[in-house]
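In case you want the letters, here they are:
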Amino acid sequence: MASREGHPRIPHTTTADFLSHKFDYLIIGGGTAGLVVASRLSENPALTIGVLEAGPAALGIEAIDVPGLYGQVLGNADYDWSFETVPQDGLGGRALPWPRGKVLGGTSALNFMTWNRASRGDYDAWRELGCEGWGWDELLPYFKKSEQFHIPDEENQKTNSIYFDEQALGNSGPVQIHYASEYSSSHAHWHDTMRNLGVATNKAHLSGSNTGAWTNLGSIDPVTGTRSYATTAYYLPHASRPNLHLLTEARVAEIILEEDEDGEYAANGVRFQREGQSFEVCASREIILSAGTVQSPQLLEVSGIGDPEVLAKAGVAVKVRNPNVGESLQEHMMAAMIFEVDPTLATPDDLKTDKPKAELAMQQFHASRTGPLTILPNSIAYLPFSHIMSSHDQRLVAEAISSLPPSSDPRQSIRQRRFLDSFSSSSSTATPASTSAPASAAAPGQIEYIFDLGNWSPYFQPAPSPDKKKEKKYATCLQILQHPFSRGSIHISSSHVEDKPAIDPRYYGGDGGSIDLALMAHAARFAAYKIARTQPLAGIIRRRVFPPSAQSSLDDDDDGDAGGGDEDEDEPFWRDWLIRTTITDWHPVGTCAMGEHPRPRPDSDLDSNSDIGDGDGSGVVDHRLRVHGVEKLRVVDASVMPLQISAHLQATVYAIGEKGAAMILEDALDGLVR
């Protein structure tokens, strides 16, 4: 674990040092968004900024810094909160691990460094919901402000099918992003395989439509070859600012709310724990909550902001009623299909089973920033379901979507429209392969596929071979549902912040859960019967091993093929596999969603929970990220996203941080802080 004694680039701060300052703004959480806000607010020397981070400053940790070691810190209690869902009925009673960053930089220190954006329509849907200023056109400047794009050389572009629209990318931001120079050998087959399936290469995948196939880029500094994340990008360059003060390993236990004579509440400080003691610190202007989708609602609830019924069960006194806190949890669902591949191919698994090879790879990385430890999964495709389903199946799913119970929540109508418009549209990704234009906005990317060498499944564990020369090699095709109908919640179960909240994503649950499961089954069939059997990718695949085909076993005498047993692999076969193996893609949003203030019913009893009308307002924060019903308190992180997007979250969370900081500064300068 990183030492509290600090790092040469981080000022050593004691609790007493931190408490000696008079802060204008206090930021709860030194994670992805929190450090963006801290960096931007501290650009004004007249403002004094404090950041409280529960985790350590883990600088110089190879498992974080070295790209090819992605995933190794997941589950490490030093850097990961190691949350877990409640048992999921839709997953056969399984509870899933939910990694979240407990470290300076937050989950940007733990993620797989994927850098992409959703399509224009996803962000415009936020604006449609009343979140003024949050459409694609308004967010694009903040995407660009966060990033510094490094143009790959022409040979790399040609060899690895790299395409981009330079005008849509930032060139002077803190986060370093670039296309890798080295790729898994399977990547050479990806674009041709997709084209043979009628999927065009999207040559402007960051410009407002991510539909189609493309080569991904990552948040990696091409100079150092290491992860570029919130700590290295936004904090370290400004750590010596005299008005920016960071205290790590300091866990906030409560937001201090003070009530005025009119019964209105304002956030004036926080109570935090460090080294076994409790402390209080105040801020004169605002408290900024950036604890993430799990812990931002948790802290609101333990502070008395939330659904009275939830708070009462946890023994927390109600201060501000809002039944939306912790609700509307939306998460990407993922399944991993495994194939046996050409045994001569190098895979990431080699470094896990061959210690000398792993040592040589690390030596190569340190010597030249090249080799297998620079390789990330970069073969990506986002497809509409209209491209992978027959017209008959589209009609069946459309009927199920149209039959969902009526809802006053406008988010539900947008979810329905996304699919129904896609099914009824003649647009698809089956456009000429030579096109340089993004796919039509009428055909949004609804399922993501990632193909890479190596076994990514926690449920497929092949027996080790006693003969290394006969050891089998594997590849993974991930399928990730982008716009789920399933919605869940995160709520406290006690008044103590140390007690982990109850995380209930309701995977494949609720009114739309069966639709999500049906869609994932169709996606699995496309991966098994189309992607894996289409040349040239099929040329390296020996057989599907997980799930094993209905007519084959996994013994060594069974040659199998890339699929096998199609006639016995009906929809129940795939549903059963998905129920047993679906996992999280670690992209939770929505628990402190932007939206309108929930309004009291005219005939309500103000002493009961009935005073809040369901559907009268879906928000926890307004469009300027201010918490409804509380002065001087904002939330700035992924939890404010009102609808899930078709993208990995990292780039969007940085943009939320940039836009949130800009609004805070605008309000401070205009004297509009409530």
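No experiment lies behind these values; they were computed from the predicted model shown. (Residues numbered from 1 in each chain as written. Predicted model: local features only at pLDDT ≥ 70, side-chain atom pairs only at ≥ 80, totals over all residues. Heavy atoms only, no water.)

### So, the overall build of the chain
Within the chain one finds 18 helices and 25 strands. A compact globule built from 674 residues should have a C-alpha radius of gyration of about 26 Å, and the chain, at 25 Å, falls within 12% of that. With respect to the principal axes defined by its C-alpha atoms, the chain has extents near 75 × 60 × 45 Å. A buried classification covers 62% of the 674 residues belonging to the chain. For the chain, long-range pairs separated by at least 24 residues make up 75% of all intrachain contacts whose partners lie at least 6 apart in sequence. If you sum the accessible surface of the chain, you get close to 25,100 Å²; carbon and sulfur atoms cover 49% of it. In the chain, the 57 positive side-chain charges and the 89 negative ones have mean positions that sit 3 Å from each other. (Helix = DSSP H or I, 4+ residues; strand = E, 2+ residues; numbered from the N terminus. Rg over C-alpha atoms; globule rule 2.2 N^0.38 Å. Buried < 20%, exposed > 50% of the residue type's maximum accessible area, 1.4 Å probe, protein only. Contact = heavy atoms within 4.5 Å. Areas by Shrake-Rupley, 256 points an atom, 1.4 Å probe, with all protein chains shown as cover. Lys, Arg positive; Asp, Glu negative; His and termini not counted. Charge placed at Lys NZ, Arg CZ, Asp CG, Glu CD.)

### Remarks on the side chain of Ser-209
Along the chain, Ser-209 falls in the loop between helix 7 (190-196) and strand 8 (212-215). Of note is the side chain of Ser-209, whose polar atom sits 3.5 Å from the backbone nitrogen of Thr-211. (Polar contact = N/O pair within 3.5 Å; in protein donor to acceptor, adjacent residues only side chain to side chain.)

### Quick look at the environment of Lys-632
Topologically, Lys-632 is positioned in the loop between strand 24 (630-631) and strand 25 (633-635). When its relative accessible area of 18% is taken as the criterion, Lys-632 is described as buried. Reaching out from Lys-632, the side chain makes a polar contact with the backbone oxygen of Ser-284 at a distance of 3.4 Å.

### Here's the deal with the packing of aromatic side chains
For the structure on display, the rule yields 30 aromatic pairs. Taking 4.7 Å as the distance between ring centres and 35° as the angle between the ring planes, the aromatic pair formed by Phe-18 and Phe-23 counts as tilted. Considering the side-chain rings of Phe-460 and Tyr-474, the 5.2 Å spacing of their centres and the 75° angle between planes classify their relative orientation as edge-to-face. With a gap of 14 residues between them, Phe-460 in the loop between strand 18 (447-453) and strand 19 (473-481) and Tyr-474 in strand 19 connect regions that are remote in the sequence. Per residue, the accessibility class of Phe-460 equals that of Tyr-474, and both read buried. Through a chain of ring-to-ring contacts, three or more aromatic side chains come together here, namely Phe-460, Tyr-474, Tyr-529, Phe-546, Phe-573, Trp-574 and Trp-577. Residue placement shows Lys-102 over the ring face of Trp-81; its charged tip is 4.9 Å from the ring centre. The side chain of Lys-659 reaches across the aromatic face of Trp-134, ending 5.3 Å from its centre. (Phe/Tyr/Trp six-rings, centres within 6.5 Å; stacked < 30°, edge-to-face > 60°. Lys NZ or Arg CZ within 6 Å of the ring centre and 35° of its normal.)

### Concerning the pairing of strand 11 (residues 251-259)
The side chains of a regular strand alternate, first on one face of the sheet and then on the other. Summarising the sheet, strand 11 and strand 12 (residues 265-274) pair through 8 bridges and their orientation is antiparallel. Looking across to strand 12, one finds that Leu-257 is bridged to Ala-267. With antiparallel pairing between neighbouring strands as the criterion, strand 11 and strand 12 make up a hairpin whose turn holds 5 residues, including Gly-263 at a positive phi of roughly 80°. (Pairing = 2+ DSSP bridges.)

### Overview of the pairing of strand 13 (residues 277-289)
Sheet topology places strand 1 (residues 23-28) next to strand 13; 5 bridges connect them, and they run parallel. Considered in strand 13, the bridge of Ile-27 is made with Ile-288. In this sheet, strand 13 lies alongside strand 12 in antiparallel orientation, the contact comprising 6 bridges. Residue pairing for strand 13: Val-270 is matched across the bridge by Val-281. In this antiparallel pair of consecutive strands, strand 12 and strand 13, the connection spans 2 residues, and Glu-275 shows a positive phi of 55°. Relative to strand 25, strand 13 runs parallel, the two sharing 3 bridges. Across the sheet, residue Leu-289 finds its bridge partner in strand 25, namely Val-635.

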